[in-house]
Amino acid sequence: MDKLGTMARRSTAAALVAALAAPAAWAYGGKGMHGPMGMDGGPMMGAPMMEDGARRERMLERMAERLQLKPEQREQMRALAERSAQAMRPLHDEMRQLRDEQRKLWQAPQLDEGAIAALRERTLRLHERIVTQREQAMLEMARILTPEQRQRMAQGFGEHRRHGHGHHGPVR
């Protein structure tokens, strides 16, 4: 498949997750990546952060206005965001625990390469669970939105990326 088609599919998928990325990203701790391997408690991959319900609510309202959601869609999205946040809470706790373990391993006087590798594997397995949970939320969201609303969301996300926002900087 061509690079442009792949980028378009990724942008569309990212746009669909934008409203639900908050709970998923929240599982990473709600901070940016600072220091080696995000050891300040931040995520190892970037994502918009929503630590609290008030911020999530403001984001949902902006999305509802931009996409011209009907009242029943607004309520469905709100309920979905809350369910997603609840589902991510245990994953968040587990990720925090793994980050604490990681910090201790890297700060130890003697590095235990075997323990570091094992922790990396546990982190990767947890990351897969987080991605799966986020994907399920995206699919639920896609079922709530009309095709036109999904297209508008994807277009808005593309504009956001072109202005230098997003995981990888400006689209070139």
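For clarity, every value in this text was computed on a predicted model and none was experimentally measured.

Trainee: Hey, could you run me through the overall build of the protein in this one?
Mentor: When you go through the protein residue by residue, the secondary structure sums to six helices and zero strands. N-terminal to C-terminal, the α/β element order of the protein is α-α-α-α-α-α. In the protein, buried positions account for 36% of the 172 residues. When contacts within the protein are restricted to residue pairs at least 6 apart in sequence, long-range pairs at least 24 apart make up 67% of them. Entry remark: accessible area of the protein is about 10,400 Å², with carbon and sulfur atoms responsible for 54%.

Trainee: What am I meant to see in empty space enclosed by the protein here?
Mentor: Rolled over the atoms, a probe sized like a water molecule indicates the empty space that remains. Considering all chains together, one arrives at one cavity of 30 Å³ or more under this definition. When its volume is computed, the largest cavity comes out at roughly 40 Å³. What lines the largest cavity is L60, E61, M63, A64, L69, R74, M77 and R78. Elements that contribute at least two residues to the lining of the largest cavity include exactly helix 3 (53-67) and helix 4 (71-107). For the lining of the largest cavity, the element with the highest residue contribution is helix 3, accounting for four residues.

Trainee: In this structure, what is going on with unusual backbone geometry? I would like to understand it.
Mentor: One can expect most non-glycine residues to show negative phi and most peptide bonds to be in trans. A positive phi angle, close to 55°, is found at Q68, a residue other than glycine. Note that Q68 resides in the loop between helix 3 and helix 4. For Q68, a relative accessible area of 57% corresponds to the exposed category.

Trainee: I'm lost on the confidence of the model for the protein in this one. Help?
Mentor: Low pLDDT marks regions whose predicted coordinates should not be analysed in detail. Within the protein, residue pLDDT values average 74, and 60% of them lie at 70 or more. Long-range and interchain partners of residues 167-172, a stretch whose pLDDT sits below 50, account for 11 contacts in this model, where long-range means more than four residues apart.

Trainee: I tried to follow the pattern of salt bridges on my own but got confused; where do I start?
Mentor: One pass over the structure, following the stated rule, counts 10 salt bridges. Here the salt bridges do not stand alone but share partners, grouping E57, E61, R74, E75 and R78 into one network.

Trainee: I tried to follow the side chain of R56 on my own but got confused; where do I start?
Mentor: Considering the arrangement of structural elements, one finds R56 in helix 3. One polar contact links R56 to E82, side chain to side chain, over a distance of 2.9 Å.

Trainee: Can you help me understand the environment of L126 in this one?
Mentor: The residue L126 is located in helix 5 (residues 113-144) in this model. Accessibility expressed as a relative area gives 1% for L126, which makes it buried. C-alpha of L126 to C-alpha of H92: the two residues are 34 residues apart in sequence and 9.7 Å apart in space. Once you skip the residues sitting within four places of it in the chain, L126 turns out to touch L91, E94, M95 and L98.

Conventions we followed
Residues numbered from 1 in each chain as written. Predicted model: local features only at pLDDT ≥ 70, side-chain atom pairs only at ≥ 80, totals over all residues. Heavy atoms only, no water. Helix = DSSP H or I, 4+ residues; strand = E, 2+ residues; numbered from the N terminus. Buried < 20%, exposed > 50% of the residue type's maximum accessible area, 1.4 Å probe, protein only. Contact = heavy atoms within 4.5 Å. Areas by Shrake-Rupley, 256 points an atom, 1.4 Å probe, with all protein chains shown as cover. 1 Å grid on protein atoms, 1.4 Å probe; cavity = no way out; pocket = protein on both sides within 12 Å on 5 of 7 lines; lining within 4 Å. Points joined across faces, edges and corners; volume = space filled by probe spheres on them. pLDDT = per-residue confidence, 0-100. Salt bridge = Lys/Arg side-chain N within 4 Å of Asp/Glu carboxyl O. Polar contact = N/O pair within 3.5 Å; in protein donor to acceptor, adjacent residues only side chain to side chain.

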